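These are the residues of each chain, in order.
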Amino acid sequence: MAGYNLEAIEAEPLKDDLDIVIPTIRSLDFLEQWRPFLKHYHLIIVQDGDPSIKIKVPEGYDYELYNRDDINRILGPRANCISYKDGGCRCFGFMVSKKKYIYTIDDDCFVAKDPSGKAINVIAQHIRNLETPSTPHYFNTLYDPFRDGTDFVRGYPFSLREGVQTAISHGLWLNIPDYDAPTQLVKPRERNVRYVDAVMTIPKGVLYPMCGMNLAFNRELIGPAMYFGIMGEGQPISRYDDMWAGWAAKVVCDHLGFGVKTGLPYLWHSKASNPFVNLKKEDKGLHWQEDMVPFFQTLRLSKESDTAAKCYMELSKMTKEKLTKVDPYFEKLGDAMAAWLEAWEELNPPAVDVKDVKTK
């Protein structure tokens, strides 16, 4: 392990530096099982759907809850950039948080166990992933060299061993895999029973399908680019909110020199969604992804885009210019991306550098 005290990272839960964001339409009884691992943290709950429904949260948790009325009140005319009746509503929680790190989880996910039978502390593993560097420029065949018990292998350039800051930690799932509707229909009984004890950096220039149900990221590095799009009710596409965010955030990370890790930690995904309902929701996305992925693979951000916010504003314009020919929806999406960024900057004004303050 390349010079990092992982025991110290696990011992310090960073409770003052991390918010947990949960999108939901139901009472959060699932949090009872998570209490040993999540009780120290502040929760931001984003209630989707009917705001008149009362959401119950187990006692003892520190939380704030936002429904659609709150979103409309806080964002005003920009509220339409937040998806309705879609898991993408979670990104409102990213916006109102003031913490360095975000962990987001779905309400049908539970604590998993490793092969020894020990309950997995997802927060501790995500923090280790984020607090240690990524290696996107050269692949290490022993995977993450910053894990305990491993290091850089022979032939790994010393000039690259410092790595880069990690912006995103993408966790995985046991039991119900994150399949699209056609795969669900072909393999209705398939379950993921393989626990792969590995963390790896996704190489620079390589995209991946990001799932939002077990995800952590450094809000200070990449927050403005972690937008889950405008999808769900009233839109022609759904279930691609996290895909869009993942592709966009990866391109921004590559441009700014940040890293993305995937692998550990695992959680237990308990419920398979209806594949016939999913097929209707995914119909457009299954076709459009053949254009969206090449769009992200080939775009180049300008040198002037030297922050996540600047990158995302440039990306919003590219989306309208390049993808509207696929469908007029992308014109609306590009406008929503710009509105999201404006709302983000209004709620999160940049800190004033004392050097820039002129004294009289």
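- As annotated in an unreviewed UniProt entry, the chain is UDP-arabinopyranose mutase from Thlaspi arvense.
- Per UniProt, the chain carries the Catalytic activity (unreviewed entry) text "UDP-beta-L-arabinofuranose = UDP-beta-L-arabinopyranose".

Remarks on the overall build of the chain
Thought 1: Across its full length, the chain holds 11 helices and 9 strands.
Thought 2: Computed over the C-alpha atoms, the radius of gyration of the chain is 20 Å, within 12% of the 21 Å expected from 2.2 N^0.38 for a compact globule of 360 residues.
Thought 3: Projected onto its principal axes, the C-alpha positions of the chain cover 55 × 50 × 50 Å.
Thought 4: For the chain, with 360 residues in total, the buried portion stands at 53%.
Thought 5: Sequence-distant contacts in the chain: of pairs separated by 6 or more residues, those separated by 24 or more amount to 75%.
Thought 6: Surface summary for the chain: the accessible area is close to 17,200 Å², and the carbon and sulfur share equals 52%.
Thought 7: Put simply, the chain has 44 plus and 50 minus side-chain charges, and the middle of one group is 1 Å from the middle of the other.

Examining the environment of Val-164
Thought 1: Considering the arrangement of structural elements, one finds Val-164 in the loop between helix H5 (122-131) and strand E6 (166-175).
Thought 2: On a C-alpha basis, the gap between Val-164 and Gly-259 in space is 6.2 Å, while along the polypeptide they are 95 residues apart.
Thought 3: Not counting the four nearest positions on each side in its chain, Val-164 is found in contact with Pro-133, Ser-134, Pro-136, His-137, Gly-257, Phe-258 and Gly-259.

A short note on a nonpolar patch on the surface
Thought 1: A surface patch of nonpolar side chains, about 280 Å² in accessible area, is lined by Leu-185, Phe-276 and Leu-279.
Thought 2: Note that Leu-185 resides in helix H6 (residues 181-186).
Thought 3: Residue Leu-185 is classed as partly exposed on the basis of its relative accessible area, which comes to 34%.

Digging into the pattern of salt bridges
When their charged atoms lie close together, side chains carrying opposite charge are able to pair.
Thought 1: This model, assessed by the stated rule, comprises 17 salt bridges.
Thought 2: Close ionic contact of Lys-99 with Asp-19 constitutes a salt bridge, the shortest N to O distance being 2.9 Å. Here Lys-99 is found in the loop between helix H4 (91-96) and strand E4 (101-105), whereas its partner Asp-19 is found in strand E1 (residues 18-24), with 80 residues between them in sequence.
Thought 3: The class of Asp-19 is buried, set by a relative accessible area of 3%.
Thought 4: Linking Asp-106 and Arg-90 is a salt bridge whose minimum nitrogen-to-oxygen distance equals 2.7 Å. Remark: Arg-90 occurs in the loop between helix H3 (68-75) and H4 and Asp-106 occurs in the loop between E4 and strand E5 (109-110); sequence separation between them is 16 residues. There is no split in this pair, since Asp-106 and Arg-90 are both buried.

Brief notes about the UniProt feature "glycosylation site" (unreviewed entry) in the chain
Thought 1: UniProt tags Arg-154 as "glycosylation site" (unreviewed entry).
Thought 2: By the element assignment, Arg-154 lies in the loop between H5 and E6.

So, the packing of aromatic side chains
Thought 1: Throughout the structure, instances matching the rule amount to 19 aromatic pairs.
Thought 2: Between the aromatic rings of Tyr-66 and Phe-92, the centroid separation amounts to 5.2 Å while the plane-to-plane angle is 75 degrees, which identifies the pairing as edge-to-face. Within this pair, whereas Tyr-66 is found in strand E3 (residues 62-66), its partner Phe-92 is found in helix H4, the two being separated by 26 residues in sequence. The exposure classification of Tyr-66 matches that of Phe-92, with both residues buried.
Thought 3: Centroid distance Tyr-329 to Phe-330: 5.2 Å. Interplanar angle 70 degrees. Geometry classified as edge-to-face.

Some words on the pairing of strand E8 (residues 214-218)
Thought 1: Taking burial as the measure, the 5 residues of E8 include 5 buried ones, the bulk of the element.
Thought 2: Judged by which residues are buried, E8 turns out to be covered on both faces: Asn-214, Ala-216 and Asn-218 on one side and Leu-215 and Phe-217 on the other are all buried.
Thought 3: Across 5 bridges, the pairing between E4 and E8 is antiparallel. Bridging from a neighbouring strand, Thr-104 pairs with Leu-215 of E8.
Thought 4: In terms of strand pairing, E6 meets E8 through 3 bridges, oriented antiparallel. Residue pairing for E8: Ile-168 is matched across the bridge by Phe-217.

Digging into the environment of Ile-222
Thought 1: Of note, Ile-222 is situated in helix H7 (residues 219-222).
Thought 2: Sequence separation of Ile-222 and Trp-173 is 49 residues, and the distance between their C-alpha atoms is 24 Å.
Thought 3: Every residue in contact with Ile-222, bar those within four places of it in the chain, is listed here: Ala-167, Ile-168, Phe-217, Ala-249, Val-252, Cys-253 and Ala-308.

Comments concerning the UniProt feature "site: Required for activity" (unreviewed entry) in the chain
Thought 1: Mapped onto this structure's residue numbering, the UniProt feature "site: Required for activity" (unreviewed entry) falls at Arg-154 and Arg-161.
Thought 2: For Arg-154, a relative accessible area of 84% puts it in the exposed group.
Thought 3: Within the fold, Arg-161 resides in the loop between H5 and E6.
Thought 4: A polar side-chain atom of Arg-161 sits 2.9 Å from the main-chain carbonyl oxygen of Tyr-156.

About the thresholds
Sequence positions are assigned chain by chain, starting from 1 and proceeding in written order. In view of the model being predicted, local features appear only for residues whose pLDDT reaches at least 70, and side-chain atom pairs are presented and counted only at 80 or more, with totals across whole chains, interfaces and linings using the full set of residues. Remark: hydrogens and water are excluded; side-chain values derive from all non-hydrogen atoms of the structure. UniProt positions are given in the numbering used here, feature names are shortened, and annotations may be inferred rather than shown by experiment. The helix count covers DSSP runs of H or I at least four residues long, the strand count covers runs of E at least two residues long, and both are numbered beginning at the N terminus. Using C-alpha atoms as the atom set, the radius of gyration is obtained and then compared with a globule rule of 2.2 Å times the number of residues to the power 0.38. Burial classes: relative accessible area under 20% of the type maximum marks a residue as buried, over 50% as exposed, and values in between as partly exposed (1.4 Å probe, protein chains only). Only heavy atoms matter for contacts: two residues are in contact if any of them lie within 4.5 Å across the pair. Note that accessible areas follow from Shrake-Rupley with a 1.4 Å probe, and for residues the cover is restricted to the protein chains shown. The charge count includes Lys and Arg as positive and Asp and Glu as negative, but it does not include His or the ends of the chains. Every charge is mapped onto a representative atom, which is NZ of Lys, CZ of Arg, CG of Asp or CD of Glu. Note that patches include only residues with greater than 30% relative accessible area and no salt bridge, and the join distances are 9 Å for like charges and 5 Å for nonpolar side chains (Val, Leu, Ile, Met, Phe, Trp, Tyr). Salt bridge, as used here, is a side-chain nitrogen of Lys or Arg placed within 4 Å of a carboxyl oxygen of Asp or Glu. Here the aromatic set is Phe, Tyr and Trp, taking the six-membered ring for Trp, and pairing holds for ring centres within 6.5 Å; pairs whose planes are under 30 degrees apart are stacked, those over 60 apart are edge-to-face, and all others are tilted. Only strands joined by at least two bridges in the DSSP assignment are considered to pair. By the criterion applied in these results, polar contacts are pairs of N or O atoms within 3.5 Å in which, for protein atoms, one can donate a hydrogen and the other can accept it, and in which residues neighboring in sequence qualify only through two side-chain atoms.

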